[in-house]
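Spelled out, the chains give:
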Amino acid sequence: MDETTFDALEYHAVLKELETLASTALGRELVAGLRPSSDFVQIQRAYDELREAVEFTGRHGTLPLGGISDIRGLMSRLRPGGAYLLPDELLEVKHTVESILLLKGVSDPALKGSFPIMASRLDSLSTPRSLFDALSGILDERGEIKDDASGRLREIREDLAASRRGCRRIIEELVKDRRVRESLQDEFFTIRDDRYVLCVRAGFHTRFPGVVHGRSSSGAAYFIEPFQVVELNNRVAILKKEEKQEEIEVLKRASSMVLSVRDRLYADLSIAAALDFIQAKALFKGRIRGVIPVMKKDGGFELRAARHPVLVFKELRGETTVVPVDILLRNGKKVLVISGANTGGKTVALKTVGLLTIMAQSALPVPAAEDSEILFFERVFADIGDRQDITEDLSTFSAHLKRTGEILAKAGPSTLVLIDEIGVGTDPAEGSVLALSILEAFRRRGAVAVVTTHLNLLKAHAQVDRDFDNASVEFDEETLRPLYKLRYGMPGPSLGLSIAGRYGIPDDVIEAARQRLEGGEGAFVKSMRMVEDERKRLEELRKRLERTEELKLKALERLRGDRKRLLESARRNVDRLVSKAGEEIRALVEGQRSGAGKKASEELERVKQKVMPLLTEHKTAYIPAVGDVVAISGSSAVGTVIRVDDGRSRAEVLAGNFKVWVDWARLVKVEGRGRDTRRRVSAAAECEPQVPMSVNLIGSRADEAVKTVSRVIDDAHMKGVERVELIHGIGTGALKRAIHEHLKTNPLVKGFSQGDGFSGGAGVTIVEVA
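Notes on the structure follow. The residue numbering used here restarts from 1 in each chain and proceeds along that chain's sequence as written. Local features in a predicted model are, by the rule used here, given only for residues with pLDDT of at least 70; side-chain atom pairs are given and counted only at 80 or more, and totals for whole chains, interfaces and linings are based on all residues. Heavy atoms throughout the structure, all of them, feed into the side-chain values; hydrogens and water do not.

Right, let's get into the overall build of the protein. Helical segments are the DSSP runs of H or I of at least four residues, strand segments are the runs of E of at least two, and each set is numbered from the N terminus. Looking only at helices and strands, one finds 24 helices and 23 strands in the protein. Out of the 770 residues belonging to the protein, those deemed buried represent 44%. When the accessible surface of the protein is summed, it comes to about 39800 Å², and 51% of that surface belongs to carbon and sulfur atoms. Burial classification: accessible surface area is computed with a 1.4 Å probe over protein chains only, and a residue below 20% of its type maximum counts as buried, one above 50% as exposed, and the rest as partly exposed. Using a 1.4 Å probe, the Shrake-Rupley method yields the accessible areas, and only the shown protein chains count as cover for residues.

On to the packing of helix α4 (residues 40-60) against helix α13 (residues 262-287), then. Whenever a helix is involved, its axis is fitted only over the stretch in contact; in every case the axis is a line through C-alpha atoms, and angles between N-to-C directions fall within 0 to 180 degrees. Interhelical geometry of α4 versus α13 gives an angle of 70° and a closest axis separation of 9 Å. With respect to each other, α4 and α13 are oriented roughly perpendicular. Seen from above, α4 lies across α13 with right-handed handedness. Side by side, α4 and α13 meet where E49, L50, A53, V54 and T57 of the first sit next to I278, Q279, K281, A282 and K285 of the second. We call Asp, Glu, Lys and Arg charged. Ala, Val, Leu, Ile, Met, Phe, Trp, Tyr, Cys and Pro are nonpolar, and the rest, Gly among them, are polar. When the residues that make up the contact of α4 with α13 are grouped by side-chain class, the tally is five nonpolar, two polar and three charged. Relative orientations are named as follows: roughly parallel for angles under 35 degrees, roughly antiparallel for angles over 145 degrees, roughly perpendicular for angles from 65 to 115 degrees, and oblique for any other angle. Note on convention: near helix rotated counterclockwise from far helix by under a right angle means a left-handed crossing. Clockwise means right-handed. Working rule for contacts: check all heavy atoms of both residues, and any pair within 4.5 Å makes them a contact.

Given a helix with a known number of residues, its expected span is that number minus one, times 1.5 Å. Between its terminal C-alpha atoms helix α17 (residues 428-444) stretches 24 Å, which fits the 24 Å expected from 17 residues at 1.5 Å a residue. Taken residue by residue, α17 has G431, S432, A435, L436, I438, L439, A441 and F442 as its buried positions. In the core, the buried residues of α17 are packed alongside β8 (335-339), α16 (396-410), β11 (415-419), β12 (448-452), α18 (456-464) and β13 (468-476). Counted as a polar contact is a pair of N or O atoms within 3.5 Å, where, for protein atoms, one must be capable of donating a hydrogen and the other of accepting one, and residues adjacent in sequence contribute only when both atoms are in side chains. A side-chain oxygen of the first residue of α17 lies 3.0 Å from the backbone nitrogen of A429; this N-cap is D427. One or two residues past the end of α17 sits G446, with phi positive at roughly 85°.

On to the packing of aromatic side chains, then. The criterion for an aromatic pair is that two Phe, Tyr or Trp rings (for Trp, the six-membered ring) have centres within 6.5 Å, with stacked assigned to planes under 30 degrees apart, edge-to-face to planes over 60 apart and tilted to the rest. Under the counting rule described, the total for this entry stands at four aromatic pairs. Taking 5.3 Å as the distance between ring centres and 80° as the angle between the ring planes, the aromatic pair formed by F40 and F376 counts as edge-to-face. Residue F40 is located in helix α4, and its partner F376 is located in the loop between β9 (373-375) and β10 (379-383); the two are separated by 336 residues in the primary sequence. Judged on exposure class, the residue F40 and its partner F376 are both buried. Both rings, one in F56 and one in F115, keep their centres 5.4 Å apart while their planes meet at 85°; by these two values the pair is edge-to-face. Highlighted residues: F56 in helix α4 and F115 in the loop between α7 (109-114) and α8 (116-123), separated in sequence by 59 residues. Side by side, F56 and F115 carry an identical accessibility label, which is buried.

Our next topic: the packing of helix α3 (residues 25-32) against α13. Relative orientation of the contacting elements α3 and α13 amounts to 65°, with a least axis distance of 8 Å. It follows from the interaxial angle that α3 and α13 lie roughly perpendicular. Of the two possible hands of crossing, α3 and α13 adopt the one that is right-handed. Taking contact as the criterion, the partners of L26, G27, L30 and V31 in α3 are, on α13, L269, A273, A274, D276 and F277.

Looking now at the side chain of S37. With respect to the helices, strands and loops of the structure, S37 is situated in the loop between α3 and α4. For S37, a relative accessible area of 13% gives the class buried. In this structure the side chain of S37 is engaged in a polar contact, spanning 3.0 Å, whose partner is the backbone nitrogen of D39. Within the structure, the side chain of S37 is placed 2.7 Å from the side chain of Q42, a separation counted as a polar contact. Those residues in contact with S37 that lie beyond four places of it in its chain are Q42, I43, Q361 and F376.

Of all hydrophobic cores here, the largest spans 63 residues; its most connected members are I327 and L418. Counting residues per element, this core draws most heavily on helix α15 (residues 346-360), which supplies eight residues. Leaving out residues up to four positions away in the same chain, I327 has contacts with F301, E302, L303, A349, T352, V353, L486 and Y488. Buried residues of nine kinds, namely Ala, Val, Leu, Ile, Met, Phe, Trp, Tyr and Cys, make up a nonpolar core once their side-chain atoms join them within 4.5 Å.

Glancing now at the pairing of β11. β11 sits mainly inside the fold: five of its five residues count as buried. The alternating pattern of β11 places T415, V417 and I419 and L416 and L418 on opposite faces, both of which are buried. Two strands pair when backbone bridges link them, and β10 and β11 are joined in this way by five bridges, in the parallel orientation. Looking across to β11, one finds that F381 is bridged to V417. With the strands aimed away from the viewer, a crossover counts as right-handed if its path from the first strand over the helix to the second runs clockwise. On the question of chirality, the crossover connecting β11 to the parallel β12 by way of α17 is right-handed. A pair of strands is considered paired only if DSSP assigns at least 2 bridges between the two.

Spelled out as C-alpha cells, the structure:
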C-alpha cells in the first residue's frame, strides 16, 4: 500500500478525525502514524483490544489521560552532572507523573477479570510515587520553588525578607520628614534593580544625599538611593545571588531524580500513548456508529449498509445525509464491474470498498452494519481521479496507464485493485479491449479488482464470465436523481442523454443524439432498458405474490380458528344432549326398572362413542392409488383417482365431468369399491362441513350473493377444493358484475372464467380456488 492509494481513498481524512478524539499529543502521534497492517493475526489482536476498550468506555467512561504531556524532549536533554530542567518544565513532569499514577490506580482485581488486555497494560506502569512526592515538595502549583525545597534556601529567603523589611522601614522614616517629602514625586519610593530608591523631583536631585540610579522617561524625576539604605540594599543583592545559586542546586537534584527513572518514564509514556490511541478508536466507533467487522482470508466480501466515512463526517456536521449501500463481492468472483448513470454514486461505492478495507486492516471500526464481512488483502492499490500532470507531460489517459502499469507490476494473490473509469481518455473501442485485457491480467495474477465503467464491452463480458460480476447504481429516470443503491447481476445504462437536459443541453440536440444512437451501441442500451423494464415488472409481481400469500395465510388462520370453534361447540352440544338423554333414561329405568330402559341407555352410549370421534380433527394418513374410489373431504363429490403426484402429495380425481387436483389429506377412500387402501382412513373426514361444488345464486341480491361467494371460496380453500361453479344467470348482468368485481379482489381466487356450453355458458362463472 502506498501514499497514492491513501490519498485516493481519503485515508488521511479518517486519521485527522480520529486525532480529534485522542486526549494526548502522544496518542495523536500514534494516530497520525497509523497504517494498514498486512499481518492478519496482528489485526485480530488489535480488534480484540478494541472490543475491550469499547466495553470499558461504555461501562466506566474514559481513562484519566488528560494530564499526560509529551515530556520525552525534556528528558532527552538530561545528562549526569549536566543540564537541568527549569521549574515550569519540572512542573510539566510532575503533572505527567501524577496522571500516570492515576492511570495505574484504575487497575484492580475486578478489571483484570473483565478487561485482561487493558489491565495488563495498566499493571505495566512503573513510575514510582516517590518522584511525584519529591517534585511536590519542591514546586508549588504555579511552578514556583518552595521555601522548604532545601534548608539552606529557607535560611537565605528568611534573611532576604528581613533585609527588605529593614530597607522599607528606613525609607518610610525618611519620607516622614516634611522637607524630604516636598522634594519627592507622588510615588515616594520604588524598587530599581532590586534596590529601594526614592523618586526625587527634577531640580531637587542635586541637593538630595544618595546614589542616583537613573531618571524617569519623562525626565520629571530621578531615582536616588539614600545613603542610609545602601548597606542593606547591598545585603539584599548578595542574598539574591545566593538564593539563585541554591535554587539551581535544588533544580539539579530534582532533575537528577527524573534522570534516574527516565527509562521507566519513557516506557510509561508509550503505554499511556497506546491506551489513548485505543480509547480514541473506541470513541470513534461510537461517533460514526461503526462496527468491528468480520475479517476473512478468502471468499468474497459483504459490506452491508456501508457508508463512506468522509460523508459520515459531513453528516455529523449537518452538511449532508448519507444513504447506506450494500457492496458485495460474491464467492468465487474476482472482478466486480460497477456501471450505471453519471453522478449515480459509482465512485463513492468504489472508494467505500477501498477505504473500509484499509480501515479494517488498520483495526479501525468501519461505518457499516453488524453482519459486514471484509476480505483481508496484503496489498491494496487504487487509481481514482484525474491524474493529468502537466509538469510530467502526462495526459489523463497516459497518467492512468502509468499508474495501472505500476499496479500490474506489484499485483498478485491477496491484492485488491480499485480503478475508477477504467479505459477512459482514448478511443472507446481501444479503451474497451485494453480495459478488458487489464482486468484479465489482474485475474491471472490472482488479484481481486473492483472497477467502474461506462464501456459496454466490459458490461457485456461481466454477464458471461463466471469470474466477473456486474453491479449497477440505481437511478430514478423520472426525477433524474441517484438512489445510491447497487443492484447486482446486471449492468446499468449510463443515461448520459437523459442527464444532459438537466445541465442545460437543448432538447433538439438531445433528440438528434438519440437518433444517431440507433443500432450498434444503441441496440445494447435498448436491450438493457428492456431487461430493466422486465426486472421491474417481475419485482412488482413478486411483491403482489408476497401480498397475496400473506392474505392467504391470514385467511387460512382465520378459517382454521372458526373451524376449531365450530367443532368444539359441536362436541359440547353432543355431550350435553347425550348427558341429558342419559339422565332421562336412567330416571326411567329407576322408575320402571324396565329392561328396555337399560337397553336404550346402552344404545345411547354406543352412539356417543361413534359420534364423538367424528368431531375430532385427527386423520390417519392415506396414500391414494390410481383407480381408487374416493370422497373429497369437505364436499359431496365422489370420484375416481386417475393420476397421483407423489412429489407434491396430491392426486387428480375425476368426479362426474370434472377433473380436479386434491391434496391426499382431503381424500377419503370409499370402502368396498376400487382397489384396497394402503392405510386406514378414519371416518372423521366424512363428517367435516361440506363445500358445494356449485352454488345457485339466482334470485339473490348483489350484496347477499357476494357474502355467499366469499364464504364458499373461504371454505373451498380450507378444504382443498380447487374449482367452484357460481350459477348467477344472465338477467341484467348486475349480479354477475358484482360477483366478478369481488372475485378480482379476493386473494384466494387464482382466476375465473365463463362457463362453457355444457355448464351454463354466460350464466355460470367457474372459479379456480388458490
